[in-house]
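Letter by letter, the chains look like this.
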Amino acid sequence: NLILSYLTEFKDIMEARLTCTLLNTSIIAQIKPELNLQPYFNTVKGHHLEKILEERSDLQKLNLSWCGVNHYISQKSFETAFSYATSLTELSIRNCTFVDNDIMKILGDSCSQLKYLDMFHAAEGRLLDIRNLYKFTNLEYLDISMCHFNELGKTVVMFDHLKNIKWFLAGGTIMKYLDEVWNDILQNIAANCTGFRGLNLWRHPFLPNLYKFMFHYGETLQYLDVGWCGSQFKGGDLNGYNYNTDTRPNWDEFFKDISRATPNMEVVVFTAVRPIMSTETLTAMGRNWPKLRQLDLLGAKNVTFDGLVGLLTEAKNLQFLDISYTTHDMNVRLFQQLQEIFPKCDIKCIVLGMMPFVLRHEDVSKYEVEEA
């Protein structure tokens, strides 16, 4: 242990393992059921992975994010390593450029017990076959954000196979030829998955059934990211949401309704959601979401100072609020006043023509302006 305390680089530790049986045994024994190799992404090689998973076949959580740079992990070594990984329940391969359809097939054959799979921006833009996800029938958390998929028809029925999903993150994910498929995916989730908690579909413009989806899951929803879904929230278009018979959409009632229907929401991202949110609406959202910890209103239209006061007064557990580009009236003085009234919440604000600034609650007495 004294020798190992001087070894801080992953490659040095793995080389020391080859020195003698004692060091090898000691190093392998110190590997916990949860292993994070992301800090060593630029030194992890295929044979390292093979040895670790062979010696610790009981490994349950593995983070390989960013690993495989410079072609250090080949398909053959990955297949050998993961033939031992039958106990894995959580795996992160975000930003792993070596991921392709063959790698996904290997994972499907070896890691059928996975409950958590994070493959954010994996495969470096290669087209993946969505059917390779079907074998992960135990998945509860799936992040395929920024990945590219083909097989549109198969995508629509994906959740006929993944019925245990509770968290689905697909922001910026590209489905070749047709973006409208996401509306059908929402219907497929609602038809198959119970107790759904979190959805991320940022930058997907065509979501006419989003409001139905939110009402369907209601009290179980905790996380929603529909940032930059601009056409979903265009003024004058409620996408079929008929709150009343008025010919003009009542956005105030819409936002009040969805907040009432989802009382356990903790994180909401409404980046670039353009409809005007009145003071009454913002106050109601704070009141209806008592567990809210994070709210992103960047780019929301004509948010008022009184509206923000109402929101922060009601949302007593709010820890972070982004109000950048929400109003032309905000200035440093008003911003500091807001932070002084609500010191427990970190507030971020960027105003056109001014330097970005963030005041954190520990600095509020000094009114220190920081670059965001």
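The structure displayed is predicted, hence computed values, not measured ones.

**So, the overall build of the protein chain**
Along the protein chain, the regular secondary structure elements total twelve helices and 16 strands. The buried share of the protein chain, reckoned over its 372 residues, is 51%. Roughly 17,300 Å² of accessible area belongs to the protein chain as shown, and the carbon and sulfur atoms make up 50% of that amount.

**Re the packing of helix α8 (residues 210-217) against helix α9 (residues 251-261)**
For the pair α8 and α9, the least separation of the axes is 8 Å and the interaxial angle reads 30°. Comparing their axes, α9 and α8 come out roughly parallel. Listed contacts from α9 to Tyr 211, Met 214 and Phe 215 of α8 are Phe 254, Asp 257, Ile 258 and Ala 261.

**Looking at the packing of aromatic side chains**
Scanning all chains against the criterion turns up eleven aromatic pairs. With a centroid separation of 5.5 Å and 75° between ring planes, the pair formed by Phe 254 and Phe 255 is classed as edge-to-face. With relative accessibility at 1%, the residue Phe 255 sits in the buried group. Linked through ring pairs, Phe 78, Phe 82 and Phe 98 together constitute an aromatic cluster. Just above the ring of Tyr 72 sits the side chain of Lys 45; from NZ or CZ to the centre is 5.2 Å. A cation sits over an aromatic face here: Arg 203 above Trp 228, 5.0 Å from the ring centre.

**What about the environment of Cys 147?**
Structurally, the position occupied by Cys 147 is in the loop between β6 (141-143) and β7 (148-149). By relative accessible area, Cys 147 is classed as buried at 0%. Sequence spacing of Cys 147 and Gly 125 is 22 residues, and the spatial spacing of their C-alpha atoms is 6.4 Å. Those residues in contact with Cys 147 that lie beyond four places of it in its chain are Met 119, His 121, Ala 122, Thr 173 and Ile 174.

**Focus: the sheet that holds β7**
One open sheet holds the three strands; their spatial order is β5-β7-β9, and the pairing between them is parallel. For this open sheet the edge positions go to β5 (127-128) and β9 (174-175), each flanked by a neighbour on one side alone.

**What to know about the nonpolar core**
The biggest cluster of nonpolar side chains holds 99 residues, and the ones touching the most others in it are Phe 82, Leu 133, Phe 168 and Phe 270. If we skip the residues at most four places from it in the chain, Phe 82 touches Leu 49, Leu 53, Leu 62, Leu 64, Leu 88, Leu 91, Ile 106, Leu 107, Ser 110 and Cys 111. In this structure, Tyr 141, Tyr 223, Val 267 and Val 269 belong to the second largest nonpolar core, which totals five residues.

**Side note on the pattern of salt bridges**
With the rule as written, the count across this model stands at 14 salt bridges. Salt-bridge contacts for Lys 135 lead to Asp 109; the nearest nitrogen and oxygen are separated by 2.4 Å. Taken as a pair, Lys 135 in the loop between β5 and β6 and Asp 109 in helix α5 (residues 101-110) lie far apart in primary sequence, 26 residues in all. Exposure remark for Lys 135: the relative accessible area of 46% places this residue in the partly exposed category. With relative accessibility at 55%, the residue Asp 109 sits in the exposed group.

**Quick notes on unusual backbone geometry**
If you check the backbone angles, Glu 124 has positive phi at about 50° while not being a glycine. Mapped onto the fold, Glu 124 is located in the loop between β4 (116-118) and β5. Residue classification places Glu 124 among the exposed positions, given a relative accessible area of 53%. Phi at Tyr 325 is positive, roughly 55°, even though this residue is not glycine.

**Describing the packing of helix α4 (residues 75-82) against α5**
In contact at an axis separation of 10 Å, α4 and α5 are set at 10° when each is read in the N-to-C sense. By the criterion of interaxial angle, the relationship of α4 to α5 is roughly parallel. Contact residues: Gln 75, Phe 78, Glu 79 and Phe 82 in α4; Asp 102, Ile 103, Ile 106, Leu 107 and Ser 110 in α5. Its residues assigned to classes, the contact of α4 with α5 shows five nonpolar, two polar and two charged.

**Digging into α9**
Among the eleven residues that make up α9, nine are buried, leaving the element largely enclosed by the rest of the structure. Every buried residue of α9 is listed here: Trp 251, Glu 253, Phe 254, Phe 255, Lys 256, Asp 257, Ile 258, Ser 259 and Ala 261. Against α8 and α10 (279-288) lie the buried residues of α9.

What counts and how
- Residues numbered from 1 in each chain as written.
- Predicted model: local features only at pLDDT ≥ 70, side-chain atom pairs only at ≥ 80, totals over all residues.
- Heavy atoms only, no water.
- Helix = DSSP H or I, 4+ residues; strand = E, 2+ residues; numbered from the N terminus.
- Buried < 20%, exposed > 50% of the residue type's maximum accessible area, 1.4 Å probe, protein only.
- Areas by Shrake-Rupley, 256 points an atom, 1.4 Å probe, with all protein chains shown as cover.
- Axes fitted to C-alpha atoms, helices over the stretch in contact; angles between N-to-C directions.
- Parallel < 35°, antiparallel > 145°, perpendicular 65-115°, else oblique.
- Contact = heavy atoms within 4.5 Å.
- Phe/Tyr/Trp six-rings, centres within 6.5 Å; stacked < 30°, edge-to-face > 60°.
- Lys NZ or Arg CZ within 6 Å of the ring centre and 35° of its normal.
- Pairing = 2+ DSSP bridges.
- Core = buried A, V, L, I, M, F, W, Y, C linked by side-chain atoms within 4.5 Å.
- Salt bridge = Lys/Arg side-chain N within 4 Å of Asp/Glu carboxyl O.
- Nonpolar A, V, L, I, M, F, W, Y, C, P; charged D, E, K, R; others polar.

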